[in-house]
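Each chain, written out:
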Amino acid sequence: MSEPSDGASRERDKPWIFRTYAGHSTAHDSNALYRKNLAKGQTGLSVAFDLPTQTGYDSDHALAKGEVGKVGVPISHLGDMRALFEHIPLGDMNTSMTINATAAWLLALYVALADEQGIARGTLQGTTQNDIIKEYLSRGTHVFPPAPSMRLTKDVILFTTREMPKWNPINVCSYHLQEAGATPIAMLDTVQASDAVEPGAFGEVVGRISFFVNAGLRFITELCKMRAFAELWDEITAERYGVNDPKQRLFRYGVQVNSLGLTEQQPENNVTRILIEMLAVTLSKNARARAVQLPAWNEALGLPRPWDQQWSLRMQQILAYETDLLEYGDIFDGSPAIAAKVEGLKREAKEELAHIAALGGAVAAVEQGYMKRQLVESNTRRIEAIERGEQPVVGVNRFVESEPSPLAGAADAIVTVSPQAEAEQIERLKVWRSARDQKAVAAALKELRAAARENRNIMPASIDCAKAGVTTGEWGFALRESFGEYRAPTGVGRAARNETVGLDDLRADVERVSRKLGRRLKFVLGKPGLDGHSNGAEQIAVRARDAGMDVVYEGIRLTPAEIVEAAREERAHVVGLSILSGSHVPLVKDVVARMKTAGLDGVPVVVGGIIPPEDAQALQQAGVAAVYTPKDFELNRIMADIVRIVDRTEA
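Note that the structure is predicted; figures quoted are calculated from it, not measured.

### Comments concerning the side chain of E67
If you trace the backbone, E67 turns up in the loop between α2 (51–54) and α3 (78–84). Of the side chains with opposite charge, K70 comes closest to the buried, unpaired E67, at an N-O distance of 6.4 Å. Engagement of the side chain of E67 in a polar contact is seen with the side chain of S581, the distance being 2.7 Å. E67 has contacts with D50, L51, P52, E422, P528, G529, L530, D531, S581, S583 and L587, leaving out every residue within four places of it along the chain.

### Digging into the sheet that holds strand β8 (residues 209–215)
The sheet built from five strands is open, its strands ordered β1-β10-β9-β8-β7 with parallel pairing. The sheet terminates laterally at β1 (17–19) and β7 (170–173), the two strands that pair on one side only. Strand-to-strand twist in this sheet, taken as the mean axis angle between neighbours without regard to direction, amounts to 20°. Inspection of the sheet shows β8 paired to strand β9 (residues 253–257) by five bridges, in the parallel sense. Looking across to β9, one finds that F212 is bridged to G254. Across the sheet, helix α9 (residues 219–239) lies against β8 and β9, angled at about 160° from β8, the strand it touches most.

### Focus: the packing of aromatic side chains
A full pass over the atoms with the stated rule returns 13 aromatic pairs. Where F18 meets Y321, the ring centres are 5.8 Å apart and the plane angle is 90°; that geometry is what we call edge-to-face. Residue F18 is found in strand β1, and its partner Y321 is found in helix α11 (residues 306–322); the two are separated by 303 residues along the sequence. Taking relative accessible area as the criterion, F18 reaches 0% and is therefore assigned buried. Of the aromatic side chains, those joined through ring pairs into one cluster are F211, F229, W233, F251 and Y253. When the ring centre of Y57 is taken as origin, the NZ or CZ atom of R480, which lies over that ring, is 4.5 Å away. Against the face of F477 rests R480, its NZ or CZ located 4.5 Å from the ring centre.

### Focus on the environment of E650
Examined against the element boundaries, E650 turns out to sit in helix α24 (residues 635–650). Taking the C-alpha atoms as reference points, E650 and K516, 134 residues apart in sequence, are found 8.6 Å from one another. Once residues within four sequence positions are removed from consideration, E650 is found in contact with L517 and H573.

### What about the pairing of strand β4 (residues 94–98)?
Summarising burial for β4: five of the five residues are buried, a large majority. Every second residue of β4 is oriented toward a common face, with N94, S96 and T98 on one face and T95 and M97 on the other, all of them buried. Where strand β3 (residues 45–48) and β4 come together, four bridges link them in parallel fashion. Paired with L45 across the strands is T95, a residue of β4. Sheet topology note: the β4/strand β5 (residues 125–128) ladder contains four bridges and is parallel. Bridge assignment links M97 to a residue of β5, and that residue is T128. Regarding topology, helix α4 (residues 103–116) serves as the crossover connection from β4 to the parallel β5, and that connection is right-handed.

### Let's talk about the pattern of salt bridges
If you walk through the whole model with that rule in mind, you get 45 salt bridges. The closest approach of N and O atoms between D13 and R288, which form a salt bridge, is 3.8 Å. Placement of the pair is D13 in the segment before β1 and R288 in the loop between α10 (270–280) and β10 (291–293), with a sequence separation of 275 residues. For D13, a relative accessible area of 22% translates into the label partly exposed. Looking at R288, the relative accessible area reads 12%, which means it is buried. A salt bridge links R456 to E447; the shortest N-O distance between them is 2.8 Å. We classify R456 as partly exposed; its relative accessible area is 32%. In this structure E447 comes out as partly exposed when scored by relative accessible area, which is 34%. Each of K631, D632, E634, R637, D641 and R644 takes part in one network of salt bridges that share partners.

### Some details on helix α16 (residues 438–453)
Between its terminal C-alpha atoms α16 stretches 23 Å, which fits the 22 Å expected from 16 residues at 1.5 Å a residue. Against the buried residues of α16 lie α6 (146–163), α17 (458–468) and α18 (472–483). Here α16 starts with a cap whose side-chain oxygen sits 3.1 Å from the backbone nitrogen of K439, and that cap is D437. Residue N455 follows α16 closely and has a positive phi angle near 60°.

### Focus on the packing of α9 against helix α12 (residues 336–359)
Taken N-terminus to C-terminus, the directions of α9 and α12 make an angle of 55°; their axes are 8 Å apart at the nearest point. The orientation of α9 relative to α12 falls into the category oblique. As α9 runs across α12, the sense of the crossing is right-handed. On the side of α9, the interface is formed by I220, T221, L223, C224, K225, R227, A228, E231, L232, E235 and I236, while α12 contributes I338, K341, V342, E343, L345, K346, A349, K350 and L353. Residues of the contact of α9 with α12, tallied by class, amount to eleven nonpolar, one polar and eight charged.

### Remarks on the confidence of the model for the protein
Per-residue confidence for the protein averages 89 on the pLDDT scale, and 94% of its residues sit at or above 70. Counting contacts from residues 1–5, a segment whose pLDDT is below 50, to residues more than four positions away or on other chains yields six contacts. This stretch, residues 176–180, has a pLDDT under 50; its non-local contacts, to residues over four places away or in other chains, come to 23 contacts.

### Here's the deal with the packing of helix α20 (residues 535–546) against α24
Running from N to C, α20 and α24 cross one another at 65°; their axes reach a closest spacing of 10 Å. In terms of orientation, α20 lies roughly perpendicular with respect to α24. Every pair of crossing elements has a handedness; the one defined by α20 and α24 is right-handed. Residue-level contacts link Q539, I540, R543 and A544 of α20 to L635, N636, I638 and M639 of α24. Here the contact of α20 with α24 is composed, by residue class, of five nonpolar, two polar and one charged.

### Let's talk about the sheet that holds strand β6 (residues 167–168)
Strand order in the open sheet made by the five strands is β2-β3-β4-β5-β6, with parallel pairing throughout. Edge positions in the open sheet fall to β2 (21–22) and β6, since each of these has one partner strand only. Contacting β4, β5 and β6, α4 crosses the sheet at an angle of about 150° to β4.

Reading the values: rules and limits
- Residues numbered from 1 in each chain as written.
- Predicted model: local features only at pLDDT ≥ 70, side-chain atom pairs only at ≥ 80, totals over all residues.
- Heavy atoms only, no water.
- Helix = DSSP H or I, 4+ residues; strand = E, 2+ residues; numbered from the N terminus.
- Buried < 20%, exposed > 50% of the residue type's maximum accessible area, 1.4 Å probe, protein only.
- Lys, Arg positive; Asp, Glu negative; His and termini not counted.
- Salt bridge = Lys/Arg side-chain N within 4 Å of Asp/Glu carboxyl O.
- Polar contact = N/O pair within 3.5 Å; in protein donor to acceptor, adjacent residues only side chain to side chain.
- Contact = heavy atoms within 4.5 Å.
- Pairing = 2+ DSSP bridges.
- Axes fitted to C-alpha atoms, helices over the stretch in contact; angles between N-to-C directions.
- Phe/Tyr/Trp six-rings, centres within 6.5 Å; stacked < 30°, edge-to-face > 60°.
- Lys NZ or Arg CZ within 6 Å of the ring centre and 35° of its normal.
- Right-handed = clockwise from strand over helix to strand, strands pointing away.
- Expected span 1.5 Å × (residues − 1).
- Parallel < 35°, antiparallel > 145°, perpendicular 65-115°, else oblique.
- Left-handed = near helix turned anticlockwise from the far one by under 90°.
- Nonpolar A, V, L, I, M, F, W, Y, C, P; charged D, E, K, R; others polar.
- pLDDT = per-residue confidence, 0-100.

Structure follows, in structure tokens:
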């Protein structure tokens, strides 16, 4: 077919899948939201699960307190899965499930529901994220140690390749170029070493690997990153695994543009940021996303409303249907600037992959703390560049004068999850447990433990558990018995950096107050609950350490009791709490109450997170000394506040 004279194709390409990452409160409420979004032209689902579900706890577990339904939908058993997909035909749907440590279990529930509805497994389309490596590095919903976690991912890959050929069993969440190769190489090597794939069929396994990228605002770099990803994956799969079919070597990815780059200040500017980030992953045809989900403009403020999500969906639809983007080939082919940048990114990635291979591979690099240190140090440099004004952020460190926002200032500008949602979910869970066949549950769990112990594929036993009425927590604890639990390295070392700029006055203040205290100012920092987004806590810990404080930071998923005990044992002068899941009010109040009981009510508590003003006021009334939100990006000012708070307390 000849090309028209203007270079446009005669037929438009099909648009990518339009998704919205959604789910909160209850399965019933989330189902209603999904059906509304599908009616508005969304073409796929992207399910957000709450933190107890992601980490293998039932909604009534002690660690789930305050977390149920906050950052996603609670799914405790097959009944919840039925409610989540009521009136949504699974055979016609492309469903992405952002689930990792418990991916095998949520997929088992999905398959059990499809079996119940008489839908052939071979017709099911969708993705389980299932990229456990990045959970140890950034998102923090890991449960088991790396080796058994990789085994579970392998089991899902082998099961879906055999029984669900349209399903993507792993969606590698490649926030950095090193993960574009390191994580899937580790996973594919594990599958290959299992000898469970028939000769000649390994290309089918490779062809179902998909990726999930995070696109930022450096537009040209992001566009070139996608092209570099595509070329690297083609080369790796051909050279390392001998995959001959070009279709099986395609770099297939979905994208969530950078939610962490959204600002609380002048939040309406986030609309522009989201649009630019979307363009970076859609303009280049040869590296175009297969699915796109955009955050809402107000996600730095809290949970977005359906209208906010609709706005982001309409952005995708306008680009796909109103512009001529899909009528052309790749408009960047032949550009020397693009080609040079792509080659540079590929070169850097290959050097990093070689270094990770020398360490023993991706799992070893996680266990040794290398990858986590790299991410913490990279984020530290980014934060410092913003603080110094070297990296401009409009409305934050440049052009900060602003008119009041009629959008952000409107009543009910964000959704709040009703406190009753957790209580009602727990009550439904109790009813479910009492109504099931307990002998069938016991038998299914016994078989699950045997499959784990005997190194059999975990999926058949998990599906039987789902059908018997086993709960998420029961599945999780059965495997904890076999595999154990794991605390990932924090990436925060004890030694202060020497090259930090602009800390002289702050260090002098820390020294002065430490002399007054008679010992080094001790800062105990904790993340109560199940929130695994640790970037903020890590940067606070690094800056406090570099300022001269004695910092105790043991990582994520601590109970309030553990944090209070650490404060007592370490003789803390100040306790910091970081919570980004929306569960700040119950968790912080719990910590404060326990500190009072332990005789530590004289130790000030400071809190950071995505905290609405009315919640901040409630926390301060409960005794919190200071509350910080994403608008407080100047870490040195936060450190100075903490020093003053301790100084004032000890006066």
